[in-house]
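Each chain is listed here by its residues.
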Amino acid sequence: MTITQLQYVLAVAEYKNFTLAAEKCFVTQPTLSMQVQKLEDELDIQIFDRSKKPISVTEVGKKIVAQAKNIVNEADRIKDVVDQEKGFIGGDFTLGIIPTIMPTLLPMFLKTFINKYPEVNLIIKEQSTENLIRNIQDGHLDAAIAATPLEIEFIKERPLYYEPFVGYVPKDHRLRALKEITPDDLNVSDILLLQDGHCFREGVLNLCKTPKKSGEEHFQLQSGSFETLINLSNEGLGMTLLPFLNTLELDTTKKQNLKFFKEPSPAREVSLIYHKSELKIQITEALRDVISGVIRGAIKFQDVKIISPLNK
């Protein structure tokens, strides 16, 4: 039994196809198939049911796959131990970021990080929270930046900052005259929301006291863009809520439409999340230090109330 064989087994289990698994492992399909077969012969069990399309994992195979993940992770930790002992911070590091954080946060820290740690090859992917979680579990992401808490057993969460919600209230709106707003002032039927699948949308819905009822809306919006929400708001179609960092680059006219919440401001907790196995933890810690350093000057809010992104 070899680590390579176990890596091949994990690839087949994930992609349910020997050819695709071989491509992902950068070997030929006959080579991968032969090594998986050798492992099955050695164990005298069948890991995969090849009679089904797509290929399925047998019941005993599921146990083998689970153990193989642990073994491969622990084998990877050996290199981590050596890198940490040498004080080396480098190599490939794949980072996922949710769409409502990527455009504002990434430009703030990326240049600083790559200048400080030139040996790190940072691979950045924009993904939904659901995909981030799955890819962390499968080992395709080393870490991610997402709204928390997520309350997932295999994931560790390290808060980076707390980002307040800010109201964007156009002229002639019922809340326009208020100096500050509160969650009690909000009516969810009056708020332009991001499309389903965005955790910021869930945060807004959790903030509002009244649930959104089907049939109340006069149109259906499927957009992942805060810019679209702002433009529709300016057309008199309702107010919207924005993350604080998204308000910093607004022009003077649009900033006049901002309404801050009375303290404690409702806010989202933004965290660096990663697998509890803590592979490549030295790079994760370096990333956290850089982000925490640059964000400290941008967000000075202290009195906040964390709004969960979990779908309630």
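Just so we're clear, the structure is a prediction, and the values are computed from it rather than from any experiment.

*Asks:* Can you lay out the overall build of the protein chain for me, pointing to particular residues and giving the numbers?
*Replies:* When you go through the protein chain residue by residue, the secondary structure sums to 10 helices and 11 strands. Along the longest, intermediate and shortest principal axes, the C-alpha atoms of the protein chain span 75 × 50 × 30 Å. Residues classed as buried in the protein chain amount to 45% of the 312 residues present. Across the protein chain, contacts joining residues at least 24 apart in sequence account for 75% of those joining residues at least 6 apart. Taking the 38 positively charged and 42 negatively charged side chains of the protein chain as two groups, their mean positions are separated by 3 Å.

*Asks:* I'd like a rundown of the environment of leucine 237, residues and numbers included.
*Replies:* Mapped onto the elements of the fold, leucine 237 is located in the loop between α8 (226–234) and β8 (239–243). Under the relative-accessibility criterion, leucine 237 is labelled partly exposed at 42%. Placed 47 residues apart in sequence, leucine 237 and aspartate 190 show a C-alpha to C-alpha distance of 8.2 Å.

*Asks:* Just give me the short version of the environment of isoleucine 47, but keep the residues and values in it.
*Replies:* Summarising the element assignment, isoleucine 47 is placed in the loop between α3 (29–43) and β1 (48–49). With a relative accessible area of 0%, isoleucine 47 lands in the buried category. Put simply, isoleucine 47 and lysine 62 are 15 residues apart on the chain and 7.6 Å apart in space, counted from C-alpha to C-alpha.

*Asks:* Requested: an account of the packing of aromatic side chains, with residues and values cited.
*Replies:* Working definition: an aromatic ring pair is given by the centre-to-centre distance plus the angle between the planes. Taken as a whole, this structure holds five aromatic pairs when the rule is applied. Considering the side-chain rings of phenylalanine 18 and phenylalanine 48, the 6.1 Å spacing of their centres and the 75° angle between planes classify their relative orientation as edge-to-face. Taken as a pair, phenylalanine 18 in helix α2 (residues 18–25) and phenylalanine 48 in strand β1 lie far apart in primary sequence, 30 residues in all. Each of the two residues, phenylalanine 18 as well as phenylalanine 48, counts as buried. A centroid spacing of 5.3 Å and a plane angle of 85° characterise the contact between phenylalanine 200 and phenylalanine 226, whose relative ring orientation is edge-to-face. With a gap of 26 residues between them, phenylalanine 200 in helix α7 (residues 199–207) and phenylalanine 226 in helix α8 connect regions that are remote in the sequence. Each member of the aromatic cluster is reached from another via a ring pair, and the members are Phe165, Phe200 and Phe226.

*Asks:* Just give me the short version of the side chain of serine 265, but keep the residues and values in it.
*Replies:* When you line up the elements, serine 265 lands in strand β10 (residues 265–275). With a relative accessible area of 4%, serine 265 lands in the buried category. Setting aside anything within four residues of it in sequence, one finds serine 265 in contact with Pro164, Asp303, Val304 and Lys305.

*Asks:* Go over the nonpolar core, please, and point to the residues and values.
*Replies:* Considering soluble globular proteins, one finds that nonpolar side chains tend to be buried as a cluster. Among the nonpolar cores identified, the biggest contains 68 residues, and Leu95, Phe109, Phe113, Ile145 and Tyr161 are the most heavily contacted of them. In terms of residues, this core owes the most to one element, helix α10 (residues 281–295), which gives seven residues. One finds Val9, Val12, Phe18 and Val36 within the second-largest nonpolar core, a separate group that totals 20 residues.

*Asks:* So what about the pattern of salt bridges? Which residues, and what values?
*Replies:* Going through the model one piece at a time under the given rule, you end up with 10 salt bridges. With a shortest N-O distance of 2.7 Å, arginine 50 and glutamate 40 are connected by a salt bridge. A residue pair is termed long-range when its members are at least 10 positions apart, and arginine 50 in the loop between β1 and β2 (56–57) and glutamate 40 in helix α3 qualify at 10 residues.

Rules of the game
All residue numbers refer to positions counted from 1 along the written sequence of the respective chain. Residue-level local features of this predicted model are given only where pLDDT is at least 70; pairs of side-chain atoms are given and counted only at 80 or more, and the full residue set underlies all totals for whole chains, interfaces and linings. Side-chain measures were taken over the full set of non-hydrogen atoms in the model, leaving aside hydrogen atoms and water. Put simply, DSSP H or I for four residues or longer makes a helix, DSSP E for two residues or longer makes a strand, and each gets a number counted from the N terminus. Each residue gets one of three labels from its accessible area relative to the maximum for its type: buried under 20%, exposed over 50%, partly exposed in between, using a 1.4 Å probe on protein chains only. Residue contacts follow a heavy-atom distance rule, with two residues in contact if any of their heavy atoms lie within 4.5 Å. Lys and Arg are tallied as positive, Asp and Glu as negative. Neither His nor the chain termini are counted. A single reference atom marks each charge: NZ on Lys, CZ on Arg, CG on Asp, CD on Glu. The pairing test for Phe, Tyr and Trp rings, Trp by its six-membered ring, is centres within 6.5 Å, and the orientation test on the planes gives stacked under 30 degrees, edge-to-face over 60, and tilted for anything in between. In these notes, a set of buried Ala, Val, Leu, Ile, Met, Phe, Trp, Tyr and Cys residues joined through side-chain atoms within 4.5 Å is what counts as a nonpolar core. Here, a salt bridge means any Lys or Arg side-chain nitrogen found within 4 Å of an Asp or Glu carboxyl oxygen.

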